[in-house]
Amino acid sequence: MRSKLSATGPWAVPLLLVILFIACSIAAPKTFASVANLRVMIDGQATIVLLALAVIVPLRAGDFDLSISAVMILTGVTLGVLNAHNYPLVVACFLAGLIGPVVGVLNGLLVVRFGIDSFIATLGTMTILGGLASLISSDALITSIPAGLTGFATHRFLGFGTPVWAGWIIALLLWYIFELTPCGRYLLFIGGNRSAAQLAGLRVNAFRQGAFIFSGTLSSVVGLLYAGLLGAVSPSAGTAYLLQPITAAFLGASAIKLGRFNVMGTLVAIYLLAVGITGLQLLGLQDWIAAVFNGACLIAAVGFTILFRRAASK
Amino acid sequence: MSSPVLVLKNVSKSFDGVTVLHSVNLSILPGEIHGLVGENGSGKSTLVKMLGGVHTPDRGAEMWLRNQPVSLPVRNPQRKGLAIVHQDLALVDSMSVADNVGIATGFEAGLAAPINRRREYRIVRALAEKVGISLDPRCLVSELSPAERSVVAILRALRQLGEGSRGNVIVLDEPTAALPRSESVRLLELLRRMARNGTAVLYVSHRMHEVLNVCDRISVLRSGHLVATRDAADSNESEIAYLMLGYALGEFYPEKHVSANQTARLQVRNLTHGVVSDLSFSANVGEIVGITGLTGMGQDNIPYLIAGGRMRLNGEVRVDGSNVDGSVGSAKRAGIELLPGNRQRDAFWLGGTAMENLTLPHLGKLWRGLRISSRRERGFAESEMRLYSVRPLSPSLEITKFSGGNQQKIVLARLLRQNPRVILLHEPTQGVDAGAKKEILNLVRSAADEGATVVVFSSDGEEVAQLCHRVLIMRYGTVSATLAPGEVSEDRILSLSQRALVADARDPRAL
């Protein structure tokens with residue numbers, strides 16, 4: 001009984017992705033199962049993939065980072081404002097890109113040094129960054145994105161845009177670090193049992209601080225790509241990009257490596273949600289289905305993981 | 001003879017085809033203290049969890065409480081007069097003693113009714129008095145020692161049952177595992193008093209002498225079979241050990257070799273923080289020093305003040321002359337390794353496998369060609385687990401699936417493989433069965449024979465007496481007596497610990 005369950009458990013979400021993909025292809029052969037649609041789906045998830053990769057690093061070390069999407073938006077807005085003031089492209093990108101590492105250091109200080117709960121501390125920084133984005137943009141849509149950046153971000157290689165490739169390359173890198181290096185294992189220990197990690201001699205605070213700097217820095221990079229991709233940044237768009245990556249991270253933790261935040265599971269989760277939502281919309285359902293489907297999938301996946309475990313230990 | 005208060009018939013339990021209980025039959029009489037012994041993995045905990053309704057027994061099992069058949073799985077056992085104190089106590093650290101005790105009965109108040117604190121405190125103090133222990137009900141559970149925590153869990157069970165009600169059954173799963181003998185004696189007295197009032201006690205323990213002393217009858221589990229039920233009066237330690245293991249245990253404690261090397265390696269001077277005040281001691285190369293005392297005398301804090309990253313107010317620690325500032329990093333550089341007393345909390349990542357927990361500090365050695373070689377990691381874990389006879393020998397099994405003794409062997413393997421110069425052991429055999437205890441003590445002894453300095457912080461007087469060359473007895477944070485080689489005996493340790501208590505009987509801090 002258990003051997004069957006624990007063998008299928010990790011693969012339930014990937015399997016669901018395959019089944020859903022085939023079902024949608026059969027239901028809507030002309031619209032869903034087309035190269036154009038596939039490309040749109042993958043392109044459309046590029047930002048979410050990158051933000052989810054940013055957020056799983058601190059999550060693996062046991063900390064939330066809710067400021068990722070706010071960093072992304074503030075970076076984009078700052079870039080636009082700097083460009084409007086005629087800063088050269090490289091300088092503007094560099095200065096705007098500094099926001100992420102600085103916020104990462106700040107989050108780390110609040111959480112690691114002062115000991116504020118990560119959920120609360122980053123909720124605070126997220127809110128502050130949102131306010132700053134409003135301030136420097138005067139609450140207006142920022143369209144002064146440098147053309148050079150737009151060109152870079154919308155460049156296509158083998159049919160996919162730069163953000164998609166950036167996401168896949170970083171995913172590969174993180175997968176390597178998580179699964180094959182001591183660093184990935186240390187993060188798991190720190191996230192799993194901080195006091196044991198400390199007594200085992202791991203530099204727990206350094207790793208947690210580093211995880212925040214990583215998520216902040218990657219979020220800033222995402223901000224630059226996002227601004228380039230869309231050519232405009234709305235200062236209030238932050239919250240729209242917060243819940244999806246976190247949903248995907250938790251959904252990903254119930255796939256492939258059960259109970260652990262992992263890269264492949266997160267990717268599968270993102271594409272599962274994209275396929276499901278696109279399929280349902282092509283079948284004629286309205287936009288509301290996206291939110292309902294996201295939430296239902298998260299609850300279902302985490303719920304099933306718990307059921308698998310319970311069945312295995314009862 | 002009156003009819004049994006609890007009857008189990010044909011209770012089997014298998015997990016995924018592996019049978020851990022084979023049609024166990026057990027009956028417990030009212031007013032009886034019934035011992036249940038067996039090695040780790042023999043099925044004791046499974047049986048206890050089945051009584052608590054955590055596990056559902058396989059088909060065909062029957063259970064009666066006070067001659068009433070109980071439908072399985074058991075629901076609300078305490079309402080039927082069956083209270084269980086589980087090994088993992090299930091206490092909320094951030095709540096007070098009174099809250100932890102009161103929550104079991106919903107404070108005997110309506111859901112929205114205010115909790116009468118004074119009444120709660122009174123009830124808890126009264127319960128504690130009966131155990132002969134003074135425990136501040138306002139104290140947070142997180143501030144308590146392991147011994148005090150088990151007392152809180154027992155108080156809670158007592159409250160669930162109500163006092164003196166005939167025909168109740170209380171199940172204690174390893175209640176004294178964390179208690180020094182002098183304190184467990186008081187607890188055992190309480191059990192006897194309860195039994196005289198007609199409450200039956202099912203007493204699960206590793207401590208054979210306790211079981212033999214306190215129980216009326218003893219049932220022995222071996223690999224899921226109930227191999228025998230004996231009258232305690234007609235039995236003895238070696239017979240029970242033989243029934244548990246299936247073979248004779250032999251000389252239990254390893255022989256003490258006295259090291260010729262008299263070089264002091266670990267030197268602690270004027271260590272002061274919290275309960276610990278102005279503590280000084282030293283330990284030689286190849287020497288095993290025991291530090292013991294009654295609960296709450298400060299000995300539990302010392303290993304963490306030396307090497308656990310806990311801040312200290314004052315004091316100096318030196319290893320071979322070089323200074324250790326108390327941080328984990330500097331302790332590791334000096335070659336100090338610490339075995340924490342609470343392995344679940346301080347040693348393991350419980351979501352990980354045995355292998356992942358074992359190889360944590362050794363990952364550097366397993367690095368080949370830009371990655372951790374999974375083949376090497378597995379090989380390393382397997383050979384270590386074989387060397388330390390960890391059972392089952394499956395590195396990729398989750399750590400939580402191993403018994404306490406085997407978990408402890410895994411921590412010890414991880415520690416010893418780092419070739420420490422100084423080994424600090426905090427309660428090294430807590431919650432470990434007799435067979436594994438022997439193996440662990442042998443490992444500690446041979447590490448000392450190879451030149452490591454070992455300091456054992458333990459409340460188990462017997463273990464300290466048998467294992468250590470020299471014993472320091474703690475009283476209120478400092479050493480009150482030292483037993484030199486040749487003077488060490490369990491009786492001396494007990495009487496010196498007790499003397500500390502008697503001398504300060506009026507001190508409110510005396511536990």
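Residues numbered from 1 in each chain as written. Chains lettered and ligands numbered in written order. Predicted model: local features only at pLDDT ≥ 70, side-chain atom pairs only at ≥ 80, totals over all residues.

Caption draft 1: Molecular detail of the overall build of chain B. Looking only at helices and strands, one finds 16 helices and 22 strands in chain B. Relative to its full complement of 511 residues, chain B shows a buried share of 48%. (Helix = DSSP H or I, 4+ residues; strand = E, 2+ residues; numbered from the N terminus. Buried ≥ 20, exposed ≤ 12 C-beta atoms within 10 Å, placed from the backbone.)

Caption draft 2: How the structure looks around the overall build of chain A. In terms of regular secondary structure, chain A is built from 16 helices and 2 strands. Here the C-alpha radius of gyration of chain A, 20 Å, is about what a compact globule of 314 residues would show, namely 20 Å. By its C-alpha atoms, chain A is 65 × 60 × 30 Å across when sized along the principal axes. When burial is assessed residue by residue, chain A has 48% of its 314 residues classed as buried. Residue pairs at least 24 apart in sequence account for 77% of intrachain contacts in chain A once pairs closer than 6 positions are excluded. (Rg over C-alpha atoms; globule rule 2.2 N^0.38 Å. Contact = placed C-beta atoms within 7 Å.)

Caption draft 3: The pairing of strand S22 (residues 478–483) of chain B, seen in detail. All names here are of chain B. As paired strands, strand S21 (residues 470–475) and S22 are joined by 5 bridges and run antiparallel to one another. Its bridge partner lying in S22, Ile473 is registered against Ala481. The turn joining S21 and S22, which pair antiparallel and follow one another in sequence, is formed by 2 residues; a positive phi near 45° is taken by Tyr476. (Pairing = 2+ DSSP bridges.)

Caption draft 4: Region of the structure containing the interface of chain B and chain A. With 25 residues of chain B in contact, the opposing surface of chain A contributes 19 residues. Elements that contribute at least two residues to the side of chain B that touches chain A include exactly helix H9 (328–333), helix H10 (343–346) and strand S18 (371–372) of chain B. The element contributing the most residues to the side of chain B that touches chain A is H9 of chain B, with 3 residues. Split into classes, the residues belonging to the side of chain B that touches chain A amount to 11 nonpolar, 8 polar and 6 charged. (Nonpolar A, V, L, I, M, F, W, Y, C, P; charged D, E, K, R; others polar.)

Caption draft 5: Molecular detail of the nonpolar core. Counting residues in each nonpolar core, the largest one holds 164 residues, and the members touching the most others are Ala52, Ala249, Ile270 and Leu272 of chain A together with Ile336, Leu424 and Val454 of chain B. The element contributing the most residues to this core is helix H13 (residues 204–230) of chain A, with 14 residues. Counting 67 residues, the second-largest nonpolar core is a separate cluster that includes Val70, Leu188, Leu191 and Ala200 of chain B. (Core = buried A, V, L, I, M, F, W, Y, C linked by C-beta atoms within 7 Å.)

Caption draft 6: Representation of the environment of Gly97 of chain A. All names here are of chain A. On the secondary structure map, Gly97 appears in helix H6 (residues 89–97). Exposure remark for Gly97: the 17 C-beta atoms within 10 Å place this residue in the partly exposed category. Considered as a pair, Gly97 and Val221 are 124 residues apart in the sequence and their alpha carbons are 6.4 Å apart. If we skip the residues at most four places from it in the chain, Gly97 touches Thr75, Ser220, Val221 and Leu224.

Caption draft 7: Broad picture of helix H14 (residues 243–252) of chain A. Counting buried residues in H14 of chain A gives 9 out of 10 residues, a clear majority hidden from the surface. Taken together, the buried positions of H14 of chain A are occupied by Gln244, Pro245, Ile246, Thr247, Ala248, Ala249, Phe250, Leu251 and Gly252 of chain A.

Caption draft 8: Main features of the environment of Ile190 of chain A. Residue and element names in this part refer to chain A. Tracing the sequence through the fold places Ile190 in helix H11 (residues 182–192). By the C-beta count within 10 Å, which is 25 here, Ile190 ends up buried. A sequence separation of 27 residues divides Ile190 from Thr217, and the C-alpha atoms of the two residues are 21 Å apart. Once residues within four sequence positions are removed from consideration, Ile190 is found in contact with Ala61, Gly62, Ala197, Leu202, Val204, Phe207 and Arg208.

Caption draft 9: Molecular detail of the sheet that holds strand S16 (residues 336–339) of chain B. All names here are of chain B. Read from one edge to the other, the open sheet built from 6 strands follows the order S16-S19-S20-S13-S21-S22, with strand pairing classed as mixed. Taken across any chain shown, the strands that pair with only one partner, and hence form the sheet edges, are S16 and S22. Neighbour-to-neighbour, the strand axes of the sheet open up by a mean angle of 20°, direction not taken into account. Across the sheet, helix H14 (residues 434–449) touches strand S13 (288–292), strand S19 (422–426) and strand S20 (453–457), and the angle it forms with S20 is around 145°. (Axes fitted to C-alpha atoms, helices over the stretch in contact; angles between N-to-C directions.)

Caption draft 10: Quick look at the domain arrangement of chain A. All names here are of chain A. Each assigned domain of chain A is listed here: domain 1 (1–33 + 253–314) and domain 2 (53–238). Between the C-alpha centres of domain 1 and domain 2 there is a distance of 26 Å. Residue-level contacts link 7 residues of domain 1 with 8 residues of domain 2. Partitioned by chemical class, the residues of the side of domain 1 that touches domain 2 number 4 nonpolar, 2 polar and 1 charged. (Domains from an automatic or database assignment.)

Caption draft 11: Just the confidence of the model for chain A, in detail. All names here are of chain A. Looking at chain A, pLDDT values average 90 and 96% of them are 70 or higher. Across chain A, the element-wise mean pLDDT spans from 51 in helix H1 (residues 2–8) up to 97 in helix H7 (residues 99–113). Here residues 1–5 scores under 50 on pLDDT; set against residues more than four positions off or in separate chains, the count is 8 contacts. (pLDDT = per-residue confidence, 0-100.)

Caption draft 12: Representation of the pairing of strand S10 (residues 225–231) of chain B in the model. Residue and element names in this part refer to chain B. Bridging between strand S9 (residues 217–222) and S10 involves 6 bridges; their strand directions are antiparallel. Note on S10: the bridge partner recorded for Arg222 is His225. Between the antiparallel neighbours S9 and S10 lie 2 residues, among them Ser223 with a positive phi of about 45°.

Caption draft 13: Structural view of the packing of helix H10 (residues 162–180) of chain A against helix H15 (residues 263–282) of chain A. All names here are of chain A. Orientation of H10 relative to H15, taken along the N-to-C sense of each, is 140°, at an axis distance of 9 Å. Contacts between H10 and H15 involve Ala171, Leu174, Trp175 and Phe178 from the first element and Val263, Met264 and Leu267 from the second. Class assignment of the residues belonging to the contact of H10 with H15 gives a composition of 7 nonpolar, no polar and no charged.

Caption draft 14: Geometry of the sheet that holds S10 of chain B. Residue and element names in this part refer to chain B. Reading across from one edge, S6-S7-S8-S3-S9-S10 is the order of the 6 strands in this open sheet, with mixed pairing throughout. Edge positions in the open sheet fall to strand S6 (82–85) and S10, since each of these has one partner strand only. Averaged over all pairs of adjacent strands, the angle between strand axes in this sheet comes to 15°, irrespective of strand direction. With 4 bridges joining them, strand S3 (residues 33–37) and S9 adopt parallel strand pairing. Note on S9: the bridge partner recorded for Val37 is Val220. Across the face of the sheet, helix H1 (residues 44–51) comes into contact with S3, S6, strand S7 (169–173), strand S8 (200–204) and S9 while running at roughly 145° to S7. Of the strands in this sheet, S3, S9 and S10 are in contact with helix H7 (residues 237–245), which crosses S9 at around 30°.

Caption draft 15: Quick look at H1 of chain B. Of all 8 residues in H1 of chain B, 7 are buried, a share of seventy percent or more. In the stretch just after H1 of chain B, Gly53 of chain B is the one whose phi turns positive, near 85°.

Caption draft 16: The arrangement of unusual backbone geometry in detail. All names here are of chain B. With omega at -10°, the peptide bond leading from Arg391 into Pro392 counts as cis. By the element assignment, Pro392 lies in the loop between helix H12 (374–387) and helix H13 (404–416). The residue Leu370 is not glycine, and still its phi comes out positive at about 70°. Structurally, Leu370 is set in the loop between strand S17 (367–368) and S18. Using a count of 8 C-beta atoms within 10 Å as the deciding quantity, one classes Leu370 as exposed. In this structure, Tyr476 is a non-glycine residue whose phi angle is positive, near 45°. Along the chain, the position of Tyr476 falls in the loop between S21 and S22. Judged by local crowding, Tyr476 falls into the partly exposed class, with 18 C-beta atoms found within 10 Å.

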